[in-house]
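Breakdown of the fold
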Amino acid sequence: MEFSACSHALPHLSGVPSHPGVLAYRGFRLAAAEACRRLDPPADAVILILVTEGELRISEPPDHQAPFVVRRASVRGLRTSGLHFEHRTAVTGVEVALAPWAAFRLFGVPLRRLSHRVVELDPLLPAGRCAALLRALGAADDWPERFRLLDTELGILLARGPAPAVPVARAWRSLPQAAAAPSVAELAREVGLSQSQLVRRFLEQVGVTPKAAARIVRLRRTLGLMAGGCSAADAALRTGYCDQAHFSREFKAMTGISPRGFRLRAYASGSTGPELIPGRSPEVAEFIQDRAVTPLR
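First things first, this report covers the structure right here in the doc. Just so it is clear, the model here is predicted, and its values are computed rather than measured.

1. Description of the pairing of strand β4 (residues 46-53)
With six of eight residues buried, β4 is to be regarded as a mostly interior element. Relative to strand β9 (residues 91-98), β4 is paired through seven bridges, and the arrangement is antiparallel. Opposite E53, over in β9, you have T92 as the bridge partner. Sheet analysis places β4 next to strand β7 (residues 73-76), joined by four bridges and oriented antiparallel. Within the sheet, the bridge partner assigned to I49 lies in β7 and is S74.

2. Examining the sheet that holds strand β3 (residues 36-40)
On the basis of which strands lie adjacent, the open sheet formed by four strands has the order β3-β8-β5-β6 and antiparallel pairing. Unpaired on one side and paired on the other, β3 and β6 (68-70) mark the two borders of the sheet. Averaged over all pairs of adjacent strands, the angle between strand axes in this sheet comes to 25°, irrespective of strand direction. As paired elements, strand β5 (residues 56-59) and strand β8 (residues 83-87) share three bridges and run antiparallel to each other. Looking at β8, one finds that S59 is bridged to H84.

3. Considerations on helix α7 (residues 210-227)
Spanning 18 residues, α7 covers 25 Å between terminal C-alpha atoms, matching the ideal 26 Å at 1.5 Å per step. α7 sits mainly inside the fold: 15 of its 18 residues count as buried. Just downstream of α7 lies G229, where phi reads positive at about 110°.

4. Re the environment of R148
Of note, R148 is situated in helix α3 (residues 143-160). Taking C-alpha positions, R148 is 9.8 Å from L137, a pair spaced eleven residues apart along the chain.

5. Comments concerning the packing of helix α5 (residues 184-191) against helix α6 (residues 195-205)
Between two packed helices, both the angle of their axes relative to each other and the distance between the axes serve to describe the pair. For the pair α5 and α6, interaxial distance at closest approach is 9 Å and the crossing angle is 95°. What the angle tells us is that α5 and α6 run roughly perpendicular. Counting all contacts with α5, which are made through V184, A185, L187, A188 and V191, the residues of α6 involved are Q195, L198 and V199. Residues belonging to the contact of α5 with α6 are distributed by class as follows: seven nonpolar, one polar and no charged.

6. Observations regarding the sheet that holds β7
Read from one edge to the other, the open sheet built from six strands follows the order β1-β2-β9-β4-β7-β10, with strand pairing classed as antiparallel. One side of each edge strand has no neighbouring strand; the edge strands of this open sheet are β1 (14-15) and β10 (118-120). Pairing analysis gives eight bridges linking strand β2 (residues 22-30) to β9, with the strands arranged antiparallel. Bridging across to β9, Y25 finds its partner in V96. Contacts from helix α1 (residues 100-107) reach β4, β7 and β9 within the one sheet, and its direction differs from that of β4 by about 60°. Across the sheet, helix α2 (residues 129-139) touches β4 and β7, and the angle it forms with β4 is around 60°.

7. Section: the side chain of E95
You can see E95 is positioned in strand β9. Overall, the relative accessible area of 1% leaves E95 in the buried class. A polar side-chain atom of E95 sits 2.6 Å from a polar atom in the side chain of R26.

8. Details of helix α4 (residues 166-174)
Note: α-helices contain 3.6 residues per turn, so residues at a spacing of three or four share the same orientation. Of all the residues in α4, the buried ones are P167, V168, A169, A171, W172 and S174. Close packing links the buried residues of α4 with α1, α5, α6 and α7.

9. What about the packing of aromatic side chains?
Under the counting rule described, the total for this entry stands at four aromatic pairs. A centroid spacing of 6.3 Å and a plane angle of 15° characterise the contact between Y25 and F147, whose relative ring orientation is stacked. Residue Y25 is found in strand β2, and its partner F147 is found in helix α3; the two are separated by 122 residues along the sequence. We classify F147 as buried; its relative accessible area is 9%. Here the basic side chain of R146 rests over the ring of W143, its NZ or CZ set 4.5 Å away from the ring centre. The lysine or arginine in question, R218, covers the ring of Y241, its NZ or CZ lying 4.0 Å from the ring centre.

The rules behind these values
Residues numbered from 1 in each chain as written. Predicted model: local features only at pLDDT ≥ 70, side-chain atom pairs only at ≥ 80, totals over all residues. Heavy atoms only, no water. Buried < 20%, exposed > 50% of the residue type's maximum accessible area, 1.4 Å probe, protein only. Helix = DSSP H or I, 4+ residues; strand = E, 2+ residues; numbered from the N terminus. Pairing = 2+ DSSP bridges. Axes fitted to C-alpha atoms, helices over the stretch in contact; angles between N-to-C directions. Expected span 1.5 Å × (residues − 1). Parallel < 35°, antiparallel > 145°, perpendicular 65-115°, else oblique. Contact = heavy atoms within 4.5 Å. Nonpolar A, V, L, I, M, F, W, Y, C, P; charged D, E, K, R; others polar. Polar contact = N/O pair within 3.5 Å; in protein donor to acceptor, adjacent residues only side chain to side chain. Phe/Tyr/Trp six-rings, centres within 6.5 Å; stacked < 30°, edge-to-face > 60°. Lys NZ or Arg CZ within 6 Å of the ring centre and 35° of its normal.

Here it is in C-alpha cells:
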C-alpha cells in the first residue's frame, strides 16, 4: 500500500498541560474511506497514544512485518528511525507527548526498555489505571473534558514517580539550543557529570545515549525549519550538518526517505510547509491535528 492522505473530521484540537515535562495533548479523529499509511519520523518526545475507537497499526520500515496493533493504549520510546502508521477504519483518540525525563518519572522504569520499541501502556501503570482512563476518555462529553481528565490523571501519577536527575533534564533541554549536535564530552562538562555518568543516566532516564538524542533533536530542528519554508540545504546548514551529502545520508537513515522525497510527499498530499509539525510528515500532521511549528522540548 502506498502512502496516502486520509480524510479527517476534526479541526485543530489540542490541550495545554499543566505539568512540567508534559508537552502536549492532541485529539484526533480519522474517518478513512480506504486504508491509509503515514510515515512518522523520529520524535523528540516519548509518545502515548490512547485510542477510544478503532485501531492503529504501527510497523517499522522497510518490511512492515508483524505490525504492532494499537487497540487501546501504547507508548513509543525515543528511536532513531521512523515508523509507519496505518489505519483501515475510523480512529479516535488522544496523543500525549512527554519529555523523556518526565516519562521516566511517570513509568518509574529505565527508559532504555522503551527505546526503539512500541509497547502496551497498561503494564507500565498501576493496575486498572489505564483501563479506567480509557473508559473515562470514551465517556467524556467533549475534547476539553478529555484533556482535563488526562491532565488530572497524569498529575497524580507523576507525583508518585521517581524524581529525574537534574543534570539529565538540563542536558536534554540544552540540546535544541546548540548550534550543532554537541559532543558527549561537551554535554557532560556543561552539566557537571563525567561522560560515563551522563551516558548511564541518559540510558536510564532518556532511553538513548546522548549522541543518539542529539541526532534526534537535530533532525527535528531541521524538519521544523523545512516546515517553516526553509530549503533543505539552508535547514541543514543552520542545524550544523557538515555538508549536504552528510545531511542527505542522515536524513534518509533516520526517516527512510530523502529530503526531496519528504517535500514531494508534502505537496502530493496537499499540505504546505508551515502546516507541518516539526519532525513529522505531512500525513501525520493531518493525523495528529496539530498545526504548531514550535519544536517539542
